[in-house]
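# Examining the three-dimensional arrangement
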Amino acid sequence: MSIDVHQAVGQFVSRFGKEPAIIARAPGRVNVIGEHTDYNHGFVLPMAIEQETLLLANPRADQVFHAYAGNFDREVQTDLTQRARNAEEPWIDYIVGVADELAKLGKPLHGADVLILGDVPIGAGLSSSASLEMAALVLFEKLGGFHIEGPAGPQLGQRVENQFLGLNSGIMDQFIVRMGRKNHVLFLDCRSHAYELVPAALPNAAFVIADTAVSRGLTGSKYNERVAECREAVAAMVKRLGHTGTHLRDFTLEDLEASRSEMADVIYRRARHIITENARTQQACDALRAGDAAALGTLMNASDASLRDDYEVTCPELDAMAAVAQSIEGCYGSRMTGAGFGGCTVSLVAKGRIATFTEQLLAGYHAHTGLNGRAFVSTPADGAGLLALA
């Protein structure tokens, strides 16, 4: 975390007149492997990152939520008894949506004076929105004296996006932001919501996240197109094999090859990515448990190639960033991460080579694209919670 908590407290005092009683926090996240598998009921392997969102707060006697977004110098007051969308200040909708879901559960809502600060890059596919939602949930829990247990917290966050905000998002982001643990990645079954915190036993390697400076641009039409193509592949295999599966999670490569004549080449390639990506994600857990950075890196490279060639959700900038990374000594593997068409790559790099790797990566990326990217290192961080006040 690059946010100085003491400075943050000072900002709060300057705006609200006294020190905060509560500091809630939630990290961003990066997906190590397992891309576009979530809506196919497959597997993902994200980790929480050290960059995070802070909500510094004092309770109020009423149900007014008075929030100041320090990063944007924007301020809003909203009545928690109304819980309506705000067209002028849409960033507050993520918090009001959490309050709305808690109200549906009969949980008590209390107003607060709140300073919001964060260092999760926005628009880079690192889940700044889920970070804000889960930090808000922690704050409302503390204000109301209750706790949402287990997967119910991430599920509440998904409902905020699906129902309150009208976004067709999965549950991975909220799950890792809420449930992450330091020095662990989270293996999540997106069908059952069963999960395992897998130790990231890589003493000699770390993850480097690099932002292409191209805002992720997976438009609704492209997303819906990929969803439809996956469904078409399922329908073709059901027709050919008499299979009862409902999502690509339910099929093997052998099933796909046996049904290839029933589908167009583009449909075949979409399905091949999902089926092989699910396998890679499970194999990545084994590599992490064994502390095998080379094996994990090989899987990351294969994932990137599949996303580029079979699923076609990269862009020239992502391809350049990943290719430069893969060419640098000390890089075990690199891949695009997130929805695609912009955003970030994640690379696994030998710890002794990180400074040189980062310098060469950004220089090489600029030479290929003319753009100035940015990079930072993160070990797996803890999920959402409260910061102790000094």
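The model shown is predicted, which means the values in this text are computed figures rather than measured ones.

### Topic: the overall build of the protein
A tally of helices and strands in the protein yields eleven helices and twelve strands. Here the protein has a C-alpha radius of gyration of 21 Å; the compact-globule value for 390 residues is 21 Å, and the two agree. Expressed along its principal axes, the backbone C-alpha trace of the protein runs to roughly 65 × 50 × 40 Å. Relative to its 390 residues, the protein shows a buried fraction of 55%. For the protein, the accessible area works out to roughly 15,500 Å², and carbon and sulfur atoms hold 49% of it.

### Side note on helix H3 (residues 128-144)
Compared with an ideal rise of 1.5 Å per residue, which puts 17 residues at 24 Å, H3 spans 24 Å between its outermost C-alpha atoms and is within 8% of the ideal. Within H3, 13 of the 17 residues are buried, which leaves it mostly tucked inside the rest of the structure. Phi turns positive, to about 70 degrees, at Gly145, one or two residues after H3.

### A closer look at the sheet that holds strand S9 (residues 331-337)
Read from one edge to the other, the open sheet built from four strands follows the order S9-S10-S8-S11, with strand pairing classed as antiparallel. The strands lining the two open edges of the sheet, one partner per strand, are S9 and strand S11 (374-378). Between one strand axis and the next, the sheet turns through 25 degrees on average, direction left out of account. Bridge analysis of S9 against strand S10 (residues 344-350) gives six bridges, and the strand direction is antiparallel. Considered in S10, the bridge of Cys331 is made with Val349. Across the sheet, helix H11 (residues 354-369) is in contact with strand S8 (205-211), S9, S10 and S11; its angle to S8 comes to roughly 20 degrees.

### Looking at the environment of Ala26
Mapped onto the fold, Ala26 is located in strand S1 (residues 22-33). What makes Ala26 buried here is its relative accessible area of 0%. For the pair Ala26 and Arg178, spaced 152 residues apart in sequence, the C-alpha to C-alpha distance is 7.2 Å.

### Considerations on the packing of H3 against helix H5 (residues 172-179)
Relative orientation of the contacting elements H3 and H5 amounts to 50 degrees, with a least axis distance of 9 Å. In terms of orientation, H3 lies oblique with respect to H5. For the pair H3 and H5, the crossing hand works out as right-handed. Of the residues in H5, those in contact with Ala130, Ser131, Glu133, Met134, Leu137, Val138 and Glu141 of H3 are Asp173, Gln174, Val177 and Arg178.

### Focus on unusual backbone geometry
Positive phi values are uncommon outside glycine, yet Asn183 reaches one of about 65 degrees. Within the secondary structure, Asn183 is located in the loop between H5 and strand S6 (184-189). Despite not being glycine, Ala213 shows a phi value in the positive range, around 70 degrees. Within the secondary structure, Ala213 sits in the loop between S8 and helix H6 (220-241). Under the relative-accessibility criterion, Ala213 is labelled partly exposed at 49%.

### Some points on the nonpolar core
Ranked by internal contacts, the top residues of the largest apolar core, which has 51 residues, are Leu55, Phe65, Leu102, Leu139 and Phe140. Contacts of Phe140, omitting those with residues within four sequence positions, involve Phe65, Leu80, Ile95, Val98, Ala99, Leu102, Leu109, His110 and Phe146. Formed by 29 residues, the second largest nonpolar core is a distinct cluster that contains Ala124, Leu202, Ala205 and Ala293.

### Section: the pairing of S10
Most of S10 sits out of view: seven of its seven residues are buried. Residues Cys344, Val346, Leu348 and Ala350 of S10 are buried on one face, and the alternating residues Thr345, Ser347 and Val349, pointing to the opposite face, are buried as well. Pairing analysis gives seven bridges linking S8 to S10, with the strands arranged antiparallel. Note on S10: the bridge partner recorded for Ala210 is Thr345.

Conventions we followed
- Residues numbered from 1 in each chain as written.
- Predicted model: local features only at pLDDT ≥ 70, side-chain atom pairs only at ≥ 80, totals over all residues.
- Heavy atoms only, no water.
- Helix = DSSP H or I, 4+ residues; strand = E, 2+ residues; numbered from the N terminus.
- Rg over C-alpha atoms; globule rule 2.2 N^0.38 Å.
- Buried < 20%, exposed > 50% of the residue type's maximum accessible area, 1.4 Å probe, protein only.
- Areas by Shrake-Rupley, 256 points an atom, 1.4 Å probe, with all protein chains shown as cover.
- Expected span 1.5 Å × (residues − 1).
- Pairing = 2+ DSSP bridges.
- Axes fitted to C-alpha atoms, helices over the stretch in contact; angles between N-to-C directions.
- Contact = heavy atoms within 4.5 Å.
- Parallel < 35°, antiparallel > 145°, perpendicular 65-115°, else oblique.
- Left-handed = near helix turned anticlockwise from the far one by under 90°.
- Core = buried A, V, L, I, M, F, W, Y, C linked by side-chain atoms within 4.5 Å.

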